[in-house]
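Below, each chain spelled out in residue letters.
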Amino acid sequence: MATLPMVAVVTGAADGIGWATAQKLAASGYRIALLDLRAEAAQSRAAELGPGHLGLGCDVTQPDSVDAAIAAARTLGRIAVLVNNAGIGDQTGPTVAQDVAAFDRVLDVHLRGTFLVSQAVAKAMLHDTGHRAIVNLGSIASSTGLPARNAYSAAKAGVIGMTRAMASEWARDGIRVNAVAPGYVRTALVAELGRKGAIDLPGIAHRTPLGRMAEPHEIAEAIAFLASPQASYITGVVLPVDGGWTAFGAPESALATLAA
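Residues numbered from 1 in each chain as written. Predicted model: local features only at pLDDT ≥ 70, side-chain atom pairs only at ≥ 80, totals over all residues. Heavy atoms only, no water.

Let us now look at the packing of aromatic side chains. All chains considered together, the criterion is met by one aromatic pair. For the cation-ring pair, Arg 149 lies above Tyr 152, with the distance from its terminal atom to the ring centre recorded as 4.7 Å. Geometry around Trp 245 places Arg 207 over its ring, the cationic atom sitting 4.2 Å from the centre. (Phe/Tyr/Trp six-rings, centres within 6.5 Å; stacked < 30°, edge-to-face > 60°. Lys NZ or Arg CZ within 6 Å of the ring centre and 35° of its normal.)

Attention now goes to the environment of Thr 144. Here Thr 144 is to be found in the loop between β5 (133-137) and α5 (150-170). For Thr 144, a relative accessible area of 25% gives the class partly exposed. Between the alpha carbons of Thr 144 and Thr 246 there is a distance of 7.4 Å; along the sequence they are 102 residues apart. Setting aside chain neighbours within four positions, we find Thr 144 in contact with Trp 245 and Thr 246. (Helix = DSSP H or I, 4+ residues; strand = E, 2+ residues; numbered from the N terminus. Buried < 20%, exposed > 50% of the residue type's maximum accessible area, 1.4 Å probe, protein only. Contact = heavy atoms within 4.5 Å.)

For helix α8 (residues 216-227), with twelve residues, the first-to-last C-alpha span of 16 Å sits near the 16 Å given by 1.5 Å per residue. Considered for burial, the residues of α8 that qualify are Pro 216, Ile 219, Ala 220, Ala 222, Ile 223, Ala 224, Leu 226 and Ala 227. The elements touched by buried residues of α8 are α1 (16-27), β4 (78-84), β5, β6 (176-182) and β7 (238-241). (Expected span 1.5 Å × (residues − 1).)

Here the focus is the layout of surface pockets. Rolling a probe over the atoms, with the probe sized like a water molecule, indicates the empty space that remains. The space that makes up the largest pocket amounts to roughly 830 Å³. Along the wall of the largest pocket there are 39 residues; nearest its centre are Asn 85, Ala 86, Gly 87, Ile 88 and Leu 189. Only α1, β2 (31-36), α4 (100-125), α5 and α6 (188-195) provide two or more residues apiece to the lining of the largest pocket. Top contributing element to the lining of the largest pocket by residue count: α6, with four residues. Within this model, the second largest pocket holds a volume of roughly 240 Å³. Pro 147, Arg 149, Tyr 184, Ala 198 and Ile 199 are the residues nearest the centre of the second largest pocket, which is lined by 16 residues in total. Considered class by class, the residues forming the lining of the second largest pocket number eight nonpolar, four polar and four charged. (1 Å grid on protein atoms, 1.4 Å probe; cavity = no way out; pocket = protein on both sides within 12 Å on 5 of 7 lines; lining within 4 Å. Points joined across faces, edges and corners; volume = space filled by probe spheres on them. Nonpolar A, V, L, I, M, F, W, Y, C, P; charged D, E, K, R; others polar.)

As paired elements, β2 and strand β3 (residues 54-57) share four bridges and run parallel to each other. Within the sheet, the bridge partner assigned to Leu 34 lies in β3 and is Gly 55. Where the polypeptide runs from β2 across helix α2 (residues 39-49) and back to β3, its parallel neighbour, the crossover connection is right-handed. (Pairing = 2+ DSSP bridges. Right-handed = clockwise from strand over helix to strand, strands pointing away.)

Here α4 crosses α5 at 15°, and the two axes come no closer than 8 Å. In terms of orientation, α4 and α5 fall into the roughly parallel class. Both α4 and α5 take part in a crossing whose hand is right-handed. Contact residues: Phe 103, Val 106, Leu 107, His 110, Leu 111, Thr 114, Phe 115, Ser 118 and Ala 122 in α4; Asn 150, Ala 151, Tyr 152, Ala 154, Ala 155, Lys 156, Gly 158, Val 159, Met 162, Met 166 and Trp 170 in α5. Residues of the contact of α4 with α5, tallied by class, amount to 14 nonpolar, five polar and one charged. (Axes fitted to C-alpha atoms, helices over the stretch in contact; angles between N-to-C directions. Parallel < 35°, antiparallel > 145°, perpendicular 65-115°, else oblique. Left-handed = near helix turned anticlockwise from the far one by under 90°.)

Below, the discussion takes up the environment of Leu 116. Turning to its location among the elements, Leu 116 is positioned in helix α4. Note on Leu 116: relative accessible area 9%, which makes it buried. For the pair Leu 116 and Val 66, spaced 50 residues apart in sequence, the C-alpha separation works out to 7.0 Å. When sequence neighbours within four positions are dropped, the list of residues in contact with Leu 116 reads Val 60, Thr 61, Gln 62, Pro 63 and Val 66.

Below, the structure is given as structure tokens:
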């Protein structure tokens, strides 16, 4: 019997970390199912990767949309890797002025979306053999306090808890589940937060021990490692990819001044 091609499903794949991850995994030999709320953008990115890849419109908060996208992804071959990257920005402003509908939307995309896509993919993975891995996207907000970033912090902390729960549940089935926790990354989402004044981009660079934000491809490298057979004995972990943000505990004055 012919061996089915290995497929990697990446959500939020049209831009930023998702797109960088799709490119990295494609270069590693996977057929990529690029899922994004913007179907045309996902299809365009799949075309950039070349034949054998598939761009799919998917609302990760809706079970029917997720099930349809995963069914389509399975036409490419055996799903070996899932990267739960889809996300949106938090609302800005003080807690007492925040809107509960906007709060719920952030949790829906990050937390409900990670659950629904993992659930749909696991239904296939549990009946397969061989290499199978899920990588979720946490954040420095999973474990540190970011003032007024309530929904985002709650969602990303929840993703970490769910990562550990799924890793524990599926370990004996051979499915590894891990998470990366990026710091600030040069994406369109972060640029928009900076434009709105929700985050201080120069201040972030100074607070980060490495003195800069990450590039999307640097997060993609960590995701690809956790998704790979090279991480075959790693499950249930959270890998910070934050330039030293969560390790640093001294006053900012302890860091050397950045060159202009």
